[in-house]
Number of protein chains: 2
Amino acid sequence: MGEHPGAIALAVSTVIFALRPDQPDAPAGLWLPLVRRIRPPYEGDWALPGGPLMIDEDLEDAAARTLGATTALEPAYLEQLYAFGTLDRSPEGAKDRVVSIVYWALVSSDEVATSAGANPENVSWFSVDDLPDLAFDHDVIIEYALWRLRNKVEYSRIAHAFLGDTFTLAELREVHEAVLGRSLDPANFRRQIESSNSVVPTGKRVLGTSYRPPRLYRYNTSVAPVDRGPLDRLPRKPRP
Amino acid sequence: MGEHPGAIALAVSTVIFALRPDQPDAPAGLWLPLVRRIRPPYEGDWALPGGPLMIDEDLEDAAARTLGATTALEPAYLEQLYAFGTLDRSPEGAKDRVVSIVYWALVSSDEVATSAGANPENVSWFSVDDLPDLAFDHDVIIEYALWRLRNKVEYSRIAHAFLGDTFTLAELREVHEAVLGRSLDPANFRRQIESSNSVVPTGKRVLGTSYRPPRLYRYNTSVAPVDRGPLDRLPRKPRP
DNA sequence: GGAATAGTGTCTATAAGACAGTATGCA
DNA sequence: TGCATACTGTCTTATAGACACTATTCC
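Once a new chain begins, its residue numbering starts again from 1 and follows that chain's sequence as written. The lettering of chains begins at A and the numbering of ligands begins at 1, in the order of writing. In keeping with the model being predicted, local features are shown solely for residues with a pLDDT of at least 70 and side-chain atom pairs are shown and tallied solely at 80 or more, while totals for entire chains, interfaces and linings include all residues. Hydrogens are left out, water is left out, and the side-chain values use all remaining heavy atoms of the structure.

Draft legend 1. Region of the structure containing the overall build of chain A. From N to C terminus, chain A includes five helices and 10 strands. In this treatment the radius of gyration is a C-alpha quantity, and the globule benchmark scales as 2.2 Å times the residue count to the 0.38 power. For chain A, the C-alpha radius of gyration of 19 Å lies close to 18 Å, the compact-globule estimate for 240 residues. Expressed along its principal axes, the backbone C-alpha trace of chain A runs to roughly 65 × 40 × 30 Å. The buried label applies to any residue whose accessible area, calculated with a 1.4 Å probe on protein chains only, is under 20% of its type's maximum; exposed applies above 50%, and partly exposed to all values in between. Counting over 240 residues, chain A shows a buried share of 50%. Helix and strand definitions here come from DSSP, where helices need a minimum of 4 consecutive H or I residues and strands a minimum of 2 consecutive E residues; each element is numbered from the N-terminal end.

Written out as structure tokens, the structure is:
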């Protein structure tokens, strides 16, 4: 950064959330990958994955690209968070002026498990409850991303992004519980989800349980996960 | 724009909303100032006020600066809207790549009236219901700002930003009605506002009415207008 | 049948909306 | 006194939450 004194650099970073248990058979929590900085400022501290914006690349593509470079995954959900650009972001001040356009993403948990060994050098996953020393203002950025995630999970349909293709209502409820950090009434949760039409029953059930097997559901793709308002009029490449 | 081929320009623009009646004694509507473009692309079309970000200037300061240059006013409310950066924003494509960080602002209506003659050349105010041909993707940006404003007025306390120091509940209700585009029940509106504690009675009443004089209220500054979450941890200069 | 979880019914508290009705200041 | 608007009371409906209850599968 800051090779051209007097210029303002433009970077894109991404807060990538995955859901996974702290220990086996423990309740799941939120985790995110960070990159260790190998040069000043903040050498040795951890930072959000990201990098400069390419000249022929959309902002969202840049976020998805760094996500892929960090986790070898596709985002299940991706949304712009905020543009951070105060003068005090770098200890160098205006000499190292960087405006970061930050995205936040959700990745499916079972995919995280299968690609666990695919993490490049200098990348580690951390629980959001136990973060290391962070570079720049990345602590505030992560807090803000968490705040947005927790708000959004209550009024939109993004929780399924943490799950696989089919899932039980108990699994979906556990996602909500992990994100919100509190337990939810199974009866009321079921009613809320059913009345929102966000899932459809597959007709199948879970096999191999030692008790009554729960129904499996699939996400209802005919209902938009979030209302982005007029932003949906902007071009968006479909992601597989 | 685009003086350095291969570089990505960074601009800050602002959607500035004011409330004023279409004709005298008509119900108020939303208006905003636009700037006529005097060079290609989109020469002759209208665009949002804005310009390049200065090296030693915070994003929010840049938005407030262009607001002042356009309207000679201080923003009563100012919030970041979104960063727009798709490749197709300019007809030149990647050759004229501009990432715009857009803010939206509310200005007080009586101040607009007093500074009506202070508009610089090439600036005109338009009703949001009757916009002219717009440059770039500024039509989508304005639509999105309107969408945010209408959502936010329902669950936060920003409507008073359109009003002066003191106001009646009927005036505050008329602001909500103008923003939302529908009429509201005076009784229910009163209860909602009172239970939210966003206003406090001044003890004074309006003078010179030919009917029962309504109470005057003042905005309750001890309650935050909006919950910005962890963003409040970022440095912010107080605006007078 | 017992254990364990899936799934249902029902009551209560709270808030939003519709709308009738009362209060007050001035001509 | 009548008019116009300020302000209050009350009923209905929708929704969230608490929690008791029934259902189904495997052992």
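Draft legend 2. Main features of the protein's contact with DNA strand C. The nearness test applies per residue and asks whether one of its heavy atoms lies within 4 Å of the molecule or strand. Inspection of the region around DNA strand C gives 17 residues, with R190 of chain A together with D185, N188, R212 and P213 of chain B positioned closest. Any N or O atom pair separated by 3.5 Å or less is treated as a polar contact, with the protein-specific requirement of one donor-capable and one acceptor-capable atom, and with residues adjacent in sequence counted only for side-chain atom pairs. Here a base nitrogen of DNA strand C sits 3.1 Å away from a polar atom, N or O, in the side chain of R212 of chain A. N188 of chain B places a side-chain nitrogen or oxygen 2.9 Å from a base nitrogen of DNA strand C. Of all elements in the fold, only α5 (186–196) of chain A together with α5 (186–196) of chain B reach the threshold of two or more residues within the surface near DNA strand C. When grouped by side-chain class, the residues that make up the surface near DNA strand C number seven nonpolar, three polar and seven charged. Only Asp, Glu, Lys and Arg are considered charged, only Ala, Val, Leu, Ile, Met, Phe, Trp, Tyr, Cys and Pro nonpolar, and every remaining residue, Gly among them, polar.

Draft legend 3. Spotlight on the interface of chain A and chain B. Taken together, the contact pairs 38 residues of chain A with 38 residues of chain B. Between chain A and chain B lies a buried interface of about 3,500 Å² when both sides are counted; carbon and sulfur atoms form 66% of it. The salt bridge criterion pairs a side-chain nitrogen of Lys or Arg with a carboxyl oxygen of Asp or Glu, the two atoms within 4 Å. Where chain A meets chain B, there are four salt bridges. As a salt-bridge pair, E143 of chain B and R233 of chain A come within 2.0 Å of each other at their nearest N and O atoms. Our count for the chain A to chain B interface comes out at 13 residue pairs in polar contact (both at pLDDT 80 or more). Of all elements in the fold, only β5 (77–84), β6 (98–106) and α3 (138–155) of chain A reach the threshold of two or more residues within the side of chain A that touches chain B. With five residues, the single largest contributor to the side of chain A that touches chain B is α3 of chain A. Tallied by class, the residues present in the side of chain A that touches chain B amount to 22 nonpolar, five polar and 11 charged. Contact criterion: two residues are considered in contact whenever any of their non-hydrogen atoms come within 4.5 Å of each other. Buried area is a sum: the accessible area each of two parts loses on coming together, probed at 1.4 Å, counted once for each and added.

Draft legend 4. The arrangement of the relation of the copies chain A and chain B in detail. Overlaying chain A on chain B yields an RMSD of 0.0 Å, the required transformation being a rotation through 180° with an accompanying axial translation of 0.0 Å. The transformation relating the two chain copies, once decomposed into turn and shift, fits a two-fold axis. Mapped onto chain B, 100% of the interface residues of chain A again fall at the interface, so both copies present the same surface. The least-squares superposition of copies is restricted to C-alpha atoms, and to residues with a pLDDT of at least 70 in both copies.

Draft legend 5. Fine view of the packing of α3 of chain A against helix α4 (residues 169–180) of chain A. Residue and element names in this part refer to chain A. For every element, the axis is a line fit to its C-alpha atoms; helices are fit only across the contacting stretch, and the angle between N-to-C directions ranges from 0 to 180 degrees. Where α3 contacts α4, the axes come no closer than 9 Å and their chain directions differ by 145°. As for the relative orientation of α3 and α4, their crossing is left-handed in sense. Mapping the contact onto sequence places L149, R150, V153 and E154 in α3 and H176, V179 and L180 in α4. The handedness criterion is simple: a crossing whose near helix is rotated anticlockwise from the far helix by less than a right angle is left-handed, and one whose near helix is rotated clockwise is right-handed.

Draft legend 6. Representation of the protein's contact with DNA strand D in the model. Close contacts around DNA strand D come from 17 residues, with D185, N188 and R212 of chain A together with R190 and R191 of chain B the closest. The protein-proximal atoms of DNA strand D, defined as those within 4 Å of the protein, are 55% sugar or phosphate. For DNA strand D, a base nitrogen lies 3.4 Å from a polar atom in the side chain of R191 of chain A. Between DNA strand D and the protein, one listed contact pairs a base oxygen with a side-chain N or O atom of R191 of chain B at 3.0 Å. Those elements giving two or more residues to the surface near DNA strand D turn out to be α5 of chain A together with α5 of chain B. Looking at the surface near DNA strand D residue by residue, the class counts come to seven nonpolar, three polar and seven charged.

Draft legend 7. Quick peek at the pattern of salt bridges. All told, the structure shown has 20 salt bridges over all chains when counted by the stated rule. Between R89 of chain A and D137 of chain A there is a salt bridge, with the nearest N and O atoms lying 2.8 Å from each other. A residue pair is termed long-range when its members are at least 10 positions apart, and R89 of chain A in the loop between β5 and β6 and D137 of chain A in the loop between β7 (123–127) and α3 qualify at 48 residues. An identical accessibility class is assigned to R89 of chain A and D137 of chain A; each is buried. Among the salt bridges present, the one from K152 of chain B reaches E79 of chain B, with a minimum N-O distance of 2.9 Å. Of this pair, K152 of chain B sits in helix α3 (residues 138–155) while E79 of chain B sits in strand β5 (residues 77–84), and the two are 73 residues apart along the sequence. Relative accessible area serves as the criterion here: at 10%, E79 of chain B is assigned to the buried category. Here the residues in one salt-bridge network are E79, R148 and K152 of chain A, joined through shared partners.

Draft legend 8. Seen up close, the nonpolar core. Within the largest apolar cluster, 134 residues are counted, with the highest numbers of intra-cluster contacts made by F17 and W104 of chain A together with F17 and W104 of chain B. Those residues within four positions of F17 of chain B in sequence are excluded, and the remaining contacts are L30, W31, L32, W104, A105, L106, V107, V128, A145, L146, L149 and F162 of chain B. Throughout, nonpolar core names a set of buried Ala, Val, Leu, Ile, Met, Phe, Trp, Tyr and Cys residues whose side chains join them through atoms within 4.5 Å.

Draft legend 9. Geometry of helix α1 (residues 59–71) of chain A. Residues and elements named next belong to chain A. In this model, α1 (13 residues) spans 18 Å end to end at C-alpha, consistent with the 18 Å of a helix rising 1.5 Å per residue. Among all positions in α1, only L59, E60, A62, A63, A64, T66, L67, T70 and T71 are buried. Residue A72 follows α1 closely and has a positive phi angle near 60°. Multiply 1.5 Å by the residue count of a helix minus one, and that product is the helix's expected span.

Draft legend 10. Geometry of the confidence of the model for chain A. Looking at any residue, its pLDDT shows the predictor's confidence there, from 0 to 100. Looking at chain A as a whole, its pLDDT mean stands at 91, while 94% of the residues score no less than 70. Within the model, the stretch residues 1–5 of chain A combines pLDDT values under 50 with five contacts to residues more than four positions away or in other chains.

Draft legend 11. Layout of the pairing of strand β6 (residues 98–106) of chain B. Residues and elements named next belong to chain B. The element β6 is extensively covered by neighbouring structure, given that nine of its nine residues are classed as buried. Residues of β6 alternate between two faces, with V98, S100, V102, W104 and L106 on one and V99, I101, Y103 and A105 on the opposite face, all of them buried. Think of it this way: DSSP has to see at least two bridges between two strands before they count as a pair. Of the strand pairs in this sheet, strand β1 (residues 9–21) and β6 are connected by nine bridges, and their pairing is parallel. Directly across from I16, in β6, lies its bridge partner A105.

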